[in-house]
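Fold and contact review
Below are the chains, spelled out letter by letter.
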Amino acid sequence: METTETTSTPFPHVPPIIESDDREYQDSGVPSTVAIAGHPLHPLSIIFPIAFLATALGSDFGYWLTRDFFWARASLWLIGLGLVTGMIASLIGMSDFLQIERVRKRTAGWAHLILNISILVFTTINFILRLGDPEGSILPGGLILSLIVGTLTSITGWFGAELSYRHKIGVVGAGSQKYP
């Protein structure tokens, strides 16, 4: 019986949006500068602001459809929690950005940073607008801000994944923080 050897590329089947370096993809990777027992904290910390801000968008839609004050109050709390946890996640991510040269050399790193700062700015504005009047500020401004934040979160998440999976940043490995 004859066997045929199959080959599969180790590279992602999705072409890079911005840039790619085969050496980085084949490299063992660069560990995060903020980790517990080798486990990077940034990927763990981002789940909270993403969950809170995505749910705030949902509760804004809930208010739009029902005009029930419950949804306005829920949005206010969710946006506030998203802002606080987003600041924590951003401090952890900023540590990696400042300490790992490979991040700063990648356009995906800068795009991830700038979009996340934009998310925090829009979320701060959205929260401040709602403080005095959680119900009156949802339509249309609050809902639009929540949509912008949701869209930017999806885009910056892609760039964060590019940094982790394509450029091997913030993973367990012994690669160079500059270049492989």
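Residues numbered from 1 in each chain as written. Predicted model: local features only at pLDDT ≥ 70, side-chain atom pairs only at ≥ 80, totals over all residues. Heavy atoms only, no water.

**Side note on the packing of helix α6 (residues 107-131) against helix α7 (residues 138-166)**
- Between α6 and α7, whose axes approach to 9 Å, the crossing angle comes to 160°. As far as their axial angle goes, α7 and α6 are roughly antiparallel. The chirality of how α6 crosses α7 is left-handed. (Axes fitted to C-alpha atoms, helices over the stretch in contact; angles between N-to-C directions. Helix = DSSP H or I, 4+ residues; strand = E, 2+ residues; numbered from the N terminus. Parallel < 35°, antiparallel > 145°, perpendicular 65-115°, else oblique. Left-handed = near helix turned anticlockwise from the far one by under 90°.)

**A word on the packing of aromatic side chains**
- Under the criterion given, the structure shown has three aromatic pairs.
- Relative to Trp 64, the ring of Phe 61 lies with its centre 5.8 Å away and its plane at 50°, an arrangement referred to as tilted. Taken together, the residues span about one helical turn, with Phe 61 and Trp 64 both in helix α3 (residues 47-66) at a distance of three residues.
- Look at Trp 64 and you get partly exposed, because its relative accessible area is 43%.
- Where Phe 70 meets Trp 71, the ring centres are 4.9 Å apart and the plane angle is 75°; that geometry is what we call edge-to-face.
- On the accessibility criterion, Trp 71 (30% relative accessible area) is partly exposed. (Phe/Tyr/Trp six-rings, centres within 6.5 Å; stacked < 30°, edge-to-face > 60°. Buried < 20%, exposed > 50% of the residue type's maximum accessible area, 1.4 Å probe, protein only.)

**A few points about the confidence of the model for the chain**
- Per-residue confidence for the chain gives a mean pLDDT of 86; residues scoring 70 or more make up 81%.
- A low-confidence stretch, residues 4-9 (pLDDT under 50), is modelled with zero contacts involving residues beyond four sequence positions or located in other chains. (pLDDT = per-residue confidence, 0-100. Contact = heavy atoms within 4.5 Å.)

**Some points on the environment of Leu 120**
- Its location among the elements puts Leu 120 in helix α6.
- Between the C-alpha atom of Leu 120 and that of Met 87, which follows or precedes it by 33 residues, the distance is 7.5 Å.

**A short note on unusual backbone geometry**
- Of note, the bond from Leu 139 into Pro 140 is cis; its omega dihedral lies within 30 degrees of zero at -5°.
- Backbone geometry at Ala 37 places phi at a positive 55°, although glycine is not the residue there.
- Considering the arrangement of structural elements, one finds Ala 37 in the loop between β1 (35-36) and β2 (39-40).
- On the accessibility criterion, Ala 37 (85% relative accessible area) is exposed.
- Of note, the phi angle at Lys 168 is positive, near 55°, even though the residue is not glycine.
- With respect to the helices and strands, the residue Lys 168 is situated in the segment after α7.

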